[in-house]
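Chains, contacts and geometry: an overview
Read off the chains here:
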Amino acid sequence: MAAVVQEAAPPDQALFAVGAACTPSYAEEFAALLAKTLPEALRPPGRTYVTNDVVPLFFTEDHSAYQLVVIAGTGSGVTARRGFHAIARHGAHEYLLGDEGGAFDIGRRALRAAIAAAEGRGKPTRLTELVAQRTGGIEIDRFVYGSGHPKQTVADFARDAFAADLAGDPTAYAVLESSADRLADVCRGALTATDAGSLGESRPTVTATFTGSLLTEPSGRLRERLERRLRSLGVAAFRPRVVDVSLMLRTLDNLRSDPAAFAAITAAVPAVRL
């Protein structure tokens, strides 16, 4: 969670960009908790916003831009916008239902490959060696289910898929190729929903904003694969970006000065204005 108030005293507005706010109900629950713990008398005199953490990334590009925002960390999510006239959010269904191309997805595929090799349904490779090193001889089931945080434990094995792919491992290569395919397909759906992914000469130029640990890490094992696939969808520029204080402040200014943009955002992305 990130919270920023206007710099210099006294603050006149606040923004909470919450990654877990993936549904409107969660955003509303968080807003209700915020209103309870921070009564109006203690909040900034202007607006307080609670949004999903994708919202600040919209303001890395001009209002009129055709933009694709792709987040890939432990999980994944995609949002496309045609200015603020059409916004579509795809993926971001958490690890049980989605998160294609996120670290949990990649880590689970790596573990399944290691299990298949151990059961004689696949060949041992550098990937299976790295998985064995991480588990330290403990059975994979016990290592994952016995941990305090199975979701993050599985996601950690994505590092082994990246390292094995860098070493030329064919199994890791197949895992990352499949993950890039599935994540690109989610992007295709979001672009099509905003009319930014239609084929033909009128296809608009799209700028992709990449964020999350898997798309900003130095080796580019997933990022380069995804870029190749997105170029065929009309994506012409790729910009890695992290949410920082200056971007949060810019988001606050835009949300306050452009009610129409906020209304368009809330039609697709969880966001609440107190």
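Residues numbered from 1 in each chain as written. Predicted model: local features only at pLDDT ≥ 70, side-chain atom pairs only at ≥ 80, totals over all residues. Heavy atoms only, no water.

**Remarks on the packing of aromatic side chains**
Summed over the entire model, instances satisfying the criterion amount to 6 aromatic pairs. Note on tyrosine 49 and phenylalanine 262: the rings are 5.5 Å apart at their centroids and 65 degrees apart in plane angle, and the pair reads as edge-to-face. On the criterion of sequence distance, the pair formed by tyrosine 49 in strand β3 (residues 48-52) and phenylalanine 262 in helix α13 (residues 259-266) is long-range, its members being 213 residues apart. The same class applies to tyrosine 49 and to phenylalanine 262, which are both buried. (Phe/Tyr/Trp six-rings, centres within 6.5 Å; stacked < 30°, edge-to-face > 60°. Helix = DSSP H or I, 4+ residues; strand = E, 2+ residues; numbered from the N terminus. Buried < 20%, exposed > 50% of the residue type's maximum accessible area, 1.4 Å probe, protein only.)

**Looking at α13**
Among all positions in α13, only Ala261, Phe262, Ala264 and Ile265 are buried. Viewed end-on, α13 has its buried residues packed into an arc of 160 degrees, placing them on one side of the element. Looking at the buried side of α13, the elements it contacts are β3, α2 (55-58), β6 (86-91), α12 (245-257) and β9 (271-273). (Arc of directions from axis to C-beta. Contact = heavy atoms within 4.5 Å.)

**Observations regarding the pattern of salt bridges**
With the rule as written, the count across this model stands at 18 salt bridges. Salt-bridge contacts for arginine 182 lead to aspartate 105; the nearest nitrogen and oxygen are separated by 2.8 Å. One end of the pair, arginine 182, is in helix α9 (residues 170-193); the other, aspartate 105, is in helix α4 (residues 103-118), with 77 residues separating them in the sequence. A salt bridge links arginine 229 to glutamate 177, with the nearest nitrogen and oxygen atoms 2.7 Å apart. (Salt bridge = Lys/Arg side-chain N within 4 Å of Asp/Glu carboxyl O.)

**Let's talk about the pairing of β3**
Regular strands have side chains that alternate between both faces of the sheet. The element β3 is largely enclosed, with a buried count of 5 among its 5 residues. Relative to β3, strand β2 (residues 14-18) runs parallel, the two being bridged by 5 bridges. If you follow alanine 17 over to β3, its bridge partner there is threonine 51. In the classification by handedness, the crossover that spans β2, the intervening helix α1 (residues 24-37) and the parallel β3 is right-handed. Inspection of the sheet shows β3 paired to β9 by 3 bridges, in the antiparallel sense. Bridge assignment links threonine 51 to a residue of β9, and that residue is alanine 271. (Pairing = 2+ DSSP bridges. Right-handed = clockwise from strand over helix to strand, strands pointing away.)

**Concerning the environment of arginine 241**
Its location among the elements puts arginine 241 in the loop between β8 (235-240) and α12. Overall, arginine 241 belongs to the partly exposed group, its relative accessible area being 23%. Taking C-alpha positions, arginine 241 is 13 Å from valine 55, a pair spaced 186 residues apart along the chain. If near-sequence neighbours (up to four positions away) are discounted, arginine 241 is found in contact with Leu57, Thr60, Thr209, Phe210, Thr211, Ser246, Leu247 and Arg250.

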